[in-house]
Amino acid sequence: MKRWRFWMMLLTMGVLGQMLVAQSAHSAAKPAATASGGQHSFHDPTYKLSFSYPANWNFARHDHQISTFHLDSRSAVRTTLLRAVVSMPENPFPASTFSGAYFYFSVTPQSNDAACARQAAPSEQGKREGESEIAGTSFAHGHDEQTSICTVQRDEVYTTLRHGACYRFDLAINNFCGGEVSGVKDITQQELDQVRGRLEAILGTVRFDP
């Protein structure tokens, strides 16, 4: 009888230990979930600009870490300098042909109004959309598309001349063709609009230093 009670006590202690470990792991996960719902801030002291982005998104100050800037931003000239890039960390539509979304901030030093505006009307497949206001400043707005069998990339481009430099934002969304072969469906316009809305939310946080 005593031996039976001894083994029951050990079993109970083991179950309680597992429950405590599980509870501890659950508690440790809560701060990470809270952080992912927050915001991080980027500030460029050289070009006097800031913006905020979701804390769980990927961020880099240099190309080829999470991005390929001149492939996504085809109208950017050779002297354009990437200052920051943020990318969506997950595929919100895994059953679709969506493959990535990027928010780029870049600057072309020693530019002029005409050259800066041309970057917003990129190619034969692109289109000038007019003017958009960002942080109280008027930006030229256009878009560029890359097509293969389908539209594999669309880039919303915003440019403005400020202190002799061309400031540029790109909201690039990439897809892949061949959904029939891979078994996924083409991303819908509604899904694209949702992704673009998340990029535009970052654009809406842009602020110039006083």
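Cut-off values and rules
Residues numbered from 1 in each chain as written. Predicted model: local features only at pLDDT ≥ 70, side-chain atom pairs only at ≥ 80, totals over all residues. Heavy atoms only, no water. Helix = DSSP H or I, 4+ residues; strand = E, 2+ residues; numbered from the N terminus. Polar contact = N/O pair within 3.5 Å; in protein donor to acceptor, adjacent residues only side chain to side chain. Expected span 1.5 Å × (residues − 1). Buried < 20%, exposed > 50% of the residue type's maximum accessible area, 1.4 Å probe, protein only. Arc of directions from axis to C-beta. Pairing = 2+ DSSP bridges. Salt bridge = Lys/Arg side-chain N within 4 Å of Asp/Glu carboxyl O.

1. Some points on the side chain of S96
Relative to the elements of secondary structure, S96 occurs in the loop between strand 4 (81-87) and strand 5 (98-108). Here the side chain of S96 touches F93 through a polar contact of 2.7 Å, landing on its backbone oxygen.

2. Topic: helix 5 (residues 189-203)
For helix 5, which comprises 15 residues, the first-to-last C-alpha distance of 20 Å matches the rise-based estimate of 21 Å (1.5 Å per residue) to within 8%. Residues of helix 5 that are buried: E191, L192, V195, R196, L199, I202 and L203. Summarising the axial view, the buried residues of helix 5 lie within an arc of 140 degrees, below the 170-degree limit, and thus occupy one face.

3. A closer look at the sheet that holds strand 10 (residues 207-208)
The three strands are arranged 1-2-10 in an open sheet whose pairing can be described as antiparallel. Bordering the open sheet on either side are strand 1 (39-44) and strand 10, each of which pairs with just one other strand. When strand 1 meets strand 2 (residues 49-54), the two strands line up antiparallel, connected through six bridges. Each bridged residue has a counterpart across the sheet, and for H40 the counterpart in strand 2 is Y53.

4. Some details on the pattern of salt bridges
Should their charged atoms come close, side chains of opposite charge can pair. Under the counting rule described, the total for this entry stands at ten salt bridges. For the salt bridge of R168 with D155, the shortest nitrogen-to-oxygen distance reads 3.9 Å. Highlighted residues: R168 in strand 9 (residues 165-175) and D155 in strand 8 (residues 151-162), separated in sequence by 13 residues. Across the pair, exposure class does not vary: R168 and D155 are buried alike. One salt-bridge network, held together by shared partners, links E145, R154, E156, D193 and R196.

Honestly, that's just the spatial picture; any functional story needs more than this.
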